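One letter stands for each residue in the lines below.
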Amino acid sequence: MTRTHRAVVRDGTGIAVRHRPTRLPGPGELLLGPEVAGLCGTDVQMLRGMRDDPAEVIGHEGIATVVAAGPGVAPELAAGTKVVVNPTHPTDPAFLLGHNVGGLLQERTWIPASVVDAGLVLPLTAVPEPDLAALLEPLAVVRYALSALRRFRPRTLVVFGAGTVGRLAVRAARRWLAEAERIVLVRRTTDDLPPEPVHAVLEPGADLAAETAPGPVAVLIATPRDATVGCLEAAIAAAAGHELAVDLVGGLPPAAGTPVLPGADLVALRAANRAGTPDPPEHAALSTTTGDRVHLFGHRGVGNDHLRIAADELVRAPERYRDLVTHGTDLDGAARIMRELATGRGRDIDGRRLVKLAVRISAPQPRHHEEN
């Protein structure tokens, strides 16, 4: 007899909810029951074939409950504990939850001992309301970014991108980047969400320089990877004469570069900071072709403290972020939405632009399939 659970599976036959074998935990391992999982921009890129990540079950954002703990697991991770999984291992690139190992869009997720030993499964003392759990990991990304940008004491914060991370950034900036007296959002899409708490909302190509206050400028770029370099060049042009700090949160194409920063290896700069270490992140002090100074860095993943602070923030001020969860559904609905995203180019789902999808995963009923 083989125990099974339901999962949203993507493979050569399409995207559908299927039964998968449930792997029980051995020594040092955990079996989690995901409760809420989110869908992010990199997930959409995988669905559209823009990335070659092999995981058949994706999803790295959300919270879960420990269903079973193997021998030797610490008591604080006993069955029944609410947890969040840090999806990026700081030293082992073989573990990237929902990218190269099975993710959270299923009723059961197995976690290896190496991940448990690394402390990447965090018990939650502050548990956000269910749908807001889909925002926990992206808000942790914002925490890491804003705390890094804060070192440069910016008077203006410019955010490129009106997806989940961009919108979280402008909402959290009042709390985590109080030095910025002006906040500007640059976006290319519109939706029916309430106006963001910013001083200006600009379209790409608008006069960004006119919206910057005297003094240092901080820029957070949270766009699809094919737009990242163009946004960096726009930020450098707009901040001419200002000291500039830029965080490349969005991805980059292979071998990305720009003539504005001769010789700068943008991909290497972004990859230098992984899983929240170091904190503050390493950055490069560069000169543009016009002699302006740019502090440039990026990061992949967050640290455990960033996740804890993000959970606390979602519990403390849920009303600030609640409307960003524009869509909610179950596993079957998630499969339908993922199929629509995979075959389309836009982000409109059920007549509304998708910012964040929260997939509510119910506990499985006992099921056994006969082995052949």
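The present account deals with the structure reproduced in this document. Predicted model, so just to flag it, every value in this text is computed and none were measured.

## Quick notes on the layout of surface pockets
The volume enclosed by the second largest pocket comes to roughly 230 Å³. Mapped onto the lining of the second largest pocket, the elements with two or more residues apiece are β2 (14-21) and β6 (109-111). Classifying every residue of the lining of the second largest pocket by side-chain character gives eight nonpolar, four polar and three charged.

## Considering the sheet that holds strand β11 (residues 217-221)
One open sheet holds the seven strands; their spatial order is β10-β9-β8-β11-β12-β14-β13, and the pairing between them is mixed. The two strands at the open ends of the sheet, each matched to only one other strand, are β10 (200-202) and β13 (284-287). Each neighbouring strand pair of the sheet contributes to a mean axis angle of 20 degrees, computed without reference to strand direction. Sheet contacts for helix α3 (residues 136-150): β8 (156-160), β11, β12 (244-248) and β14 (293-298); angle to β11, the most-contacted strand, approximately 160 degrees.

## With respect to the side chain of Thr288
With respect to the helices and strands, the residue Thr288 is situated in the loop between β13 and β14. Looking at Thr288, the relative accessible area reads 6%, which means it is buried. Within the structure, Thr288 has its side chain in polar contact with the side chain of Thr290 (distance 2.9 Å). Setting aside anything within four residues of it in sequence, one finds Thr288 in contact with Ile236, Val260, Leu261 and Val294.

## Description of the packing of α3 against helix α7 (residues 304-316)
As a packed pair, α3 and α7 sit with axes 8 Å apart at the nearest point and diverge in direction by 115 degrees. With respect to α7, the axis of α3 lies roughly perpendicular. Once α3 is placed against α7, the crossing between them reads as right-handed. Taken together, the residues of α7 that come into contact with α3 (itself represented by Leu136, Glu137, Leu139, Ala140, Arg143 and Tyr144) are His306, Leu307, Ile309, Ala310, Ala311, Glu313 and Leu314. Split into classes, the residues belonging to the contact of α3 with α7 amount to nine nonpolar, one polar and three charged.

## Some details on the side chain of Arg270
Here Arg270 is to be found in helix α6 (residues 266-271). Here Arg270 occupies a buried position and makes no salt bridge, while the nearest side chain of opposite charge, Asp247, is found at 7.0 Å. Only 3.0 Å separates the side chain of Arg270 from the backbone oxygen of Gly250, close enough to count as a polar contact. Beyond its immediate stretch of four places on either side in the chain, Arg270 contacts Leu248, Val249, Gly250, Gly251, Leu252, Gly298, His299 and Arg300.

## Quick word on the pattern of salt bridges
Evaluated as defined, the whole model comprises 23 salt bridges. The partner of Glu35 in a salt bridge is Lys82, with the nearest N and O atoms 2.5 Å apart. Taken together, the residues Glu35 in strand β3 (residues 30-39) and Lys82 in strand β5 (residues 82-85) connect sequence positions 47 residues apart. Between Arg150 and Glu179 there is a salt bridge; the shortest N-O distance is 2.7 Å. One end of the pair, Arg150, is in helix α3; the other, Glu179, is in the loop between α4 (164-176) and β9 (182-186), and 29 residues separate them in sequence. What emerges from the salt-bridge pattern is a single network uniting Arg167, Arg171, Asp191, Glu196, Asp323 and Arg353.

About the criteria used
Residues numbered from 1 in each chain as written. Predicted model: local features only at pLDDT ≥ 70, side-chain atom pairs only at ≥ 80, totals over all residues. Heavy atoms only, no water. 1 Å grid on protein atoms, 1.4 Å probe; cavity = no way out; pocket = protein on both sides within 12 Å on 5 of 7 lines; lining within 4 Å. Points joined across faces, edges and corners; volume = space filled by probe spheres on them. Helix = DSSP H or I, 4+ residues; strand = E, 2+ residues; numbered from the N terminus. Nonpolar A, V, L, I, M, F, W, Y, C, P; charged D, E, K, R; others polar. Pairing = 2+ DSSP bridges. Axes fitted to C-alpha atoms, helices over the stretch in contact; angles between N-to-C directions. Contact = heavy atoms within 4.5 Å. Buried < 20%, exposed > 50% of the residue type's maximum accessible area, 1.4 Å probe, protein only. Polar contact = N/O pair within 3.5 Å; in protein donor to acceptor, adjacent residues only side chain to side chain. Parallel < 35°, antiparallel > 145°, perpendicular 65-115°, else oblique. Left-handed = near helix turned anticlockwise from the far one by under 90°. Lys, Arg positive; Asp, Glu negative; His and termini not counted. Salt bridge = Lys/Arg side-chain N within 4 Å of Asp/Glu carboxyl O.

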